[in-house]
Every structure is written in structure tokens, then in C-alpha cells.
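# Structural features, examined
What follows is the residue order along each chain.
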Amino acid sequence: IDLQGFLDWGEVVGKMQLQQVTIGAGRPGMGKTALALHVAACAALEGHGTGFILLESDKVSMVQRALSGVVYTGPDSPTANKVINWELNVREKHALDIARKRIDQAPLIMSDPATLYAENLQAHIRRLNNQMMRKYGVPLKLLIIDYRQLMGSTNRYLSKTERVGLASAAVKTAAKECNIHIIAL
């Protein structure tokens, strides 16, 4: 997956290969989710089937943030806070409406399951792929998981370290078995 709409992505991390995983890490508030949303929007707008599993945030706020990323073209564009609080002038509302229509037509599916267990990740990905094929006619190629440490396990006796290890292994296996690229935050 080569992102033309994200100018520096290819130079920094290279082309995203199927069956591989990219880990996005950083302290809280560093912009991992904002970056991932921008990558998702760029990939979907270029026609790549893109899924976004939200384990930390709700779907409505993520859609608002994705829209603000698409409509933002420079200092005169509305910020995410202006979009979320609907503090927009007529020109900004028109730009947001155009961005919403572009996103609505792009192969992007956001999923916010109440719980997601590492052991069930592949089944969840297959459901997203089936939904993608039915709705957009393209296969799922990119999946972003935000926030992998919140992925649970059916084994309630595992320590947090063991759960994170299991989730990481499940993500890597899912990328290979489902023939997709996964970005895990």
C-alpha cells in the first residue's frame, strides 16, 4: 500500500507490505491516533480497503476527527476542535460537507467492539473484510488497531504483560493469515 496523499509516509516508513505489522508507539497525547486516522483516510481515499478498530474511543468522535483531517489543508482550514464543536463559517461547512461525501464513498469501515479478544481477532477481521466486500467491492488491505493494549484475552488468569504479548502475537499472526497490513497503536 503506497500512500500518495501522505507525502512523507513512504519516505519515513516505506511502502506498507501485506502480511506485515507496523507498531505506532509513544506517550499519551503525542498524536498516535490522529496520525493513524490520517493514514486511514489517505488509504481509503486512494481506494484501499481500510478498517479501523477503536478500542479506546467512540466511533462518532473518530469520524469527526477523520473529517477534520480530510478538510484541513492549511492554516485557514477549520481545526478539529472547530469541527467537533461545530464552530464553522459557511465556507468551512461547505468544505466539511464535501469531505464527508468523499469519506462516505471511500472504503473505510470503523469498528468499535465492546470487547475484542486476541483469540478472536482473525474472526473480527474476516467479518470486516466481508463487510468491506459487500459495501465497497474491495478487500480489506489495511487495518488499524487503536489501542492494542486494551485487547483482552479469554484467559482471565494472564498478567498484563502476558496479555500484551498475546495481543502482539495475535496481531502478527492475523496480518499474515488475513493477508493485510496492520498498524497497531
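Up top is the structure these notes are about.
Residues numbered from 1 in each chain as written. Predicted model: local features only at pLDDT ≥ 70, side-chain atom pairs only at ≥ 80, totals over all residues. Heavy atoms only, no water.

We now examine unusual backbone geometry. For Gln19, which is not glycine, the phi torsion reads 70° and is therefore positive. Note that Gln19 resides in the loop between α1 (9-13) and β1 (21-23). Assessed through its relative accessible area of 36%, Gln19 is described here as partly exposed. Despite not being glycine, Asn179 has its phi angle at roughly 55°, a positive value. Among the secondary structure elements, Asn179 is positioned in the loop between α7 (160-178) and β5 (181-184). The exposure class assigned to Asn179 is partly exposed, which follows from its relative accessible area of 31%. (Helix = DSSP H or I, 4+ residues; strand = E, 2+ residues; numbered from the N terminus. Buried < 20%, exposed > 50% of the residue type's maximum accessible area, 1.4 Å probe, protein only.)

Strands sit in the order β1-β5-β4-β2-β3 across an open sheet of five strands; the sheet is parallel. A strand with exactly one partner marks an edge of an open sheet, and here the two such strands are β1 and β3 (108-111). On average, each strand axis in the sheet is tilted by 15° relative to the strand beside it, whichever way the strands run. Sitting on the sheet, helix α6 (residues 121-136) is in contact with β2 (49-54), β3, β4 (140-146) and β5, with an inclination near 140° to β3. Against the sheet, α7 contacts β1, β4 and β5, and its axis sits at roughly 160° relative to β5. (Pairing = 2+ DSSP bridges. Axes fitted to C-alpha atoms, helices over the stretch in contact; angles between N-to-C directions. Contact = heavy atoms within 4.5 Å.)

This part is about the pattern of salt bridges. Taken as a whole and assessed by the stated rule, the structure comprises three salt bridges. When the shortest N-O distance is used, the salt bridge between Arg100 and Asp97 registers 2.8 Å. With a gap of three residues between them, Arg100 and Asp97 both fall in helix α5 (residues 90-105), about one helical turn apart. On the accessibility criterion, Arg100 (35% relative accessible area) is partly exposed. Its relative accessible area of 27% is what places Asp97 among the partly exposed residues. Put simply, Asp104 and Arg100 hold a salt bridge, and the shortest N to O gap is 3.0 Å. (Salt bridge = Lys/Arg side-chain N within 4 Å of Asp/Glu carboxyl O.)

Along the chain, Ala95 turns up in helix α5. A residue is classified by how much of its surface remains accessible, and Ala95, at 25% relative accessible area, is partly exposed. Remark: the alpha-carbon pair of Ala95 and Pro78, spanning 17 residues in sequence, is separated by 9.2 Å.

Among the six residues of β2, six are classified as buried, and the element is accordingly described as predominantly covered. Where β2 and β4 come together, six bridges link them in parallel fashion. Looking at the pairing, Leu54 lines up with Asp146 of β4. Across four bridges, the pairing between β2 and β3 is parallel. Opposite Phe52, over in β3, you have Met110 as the bridge partner.

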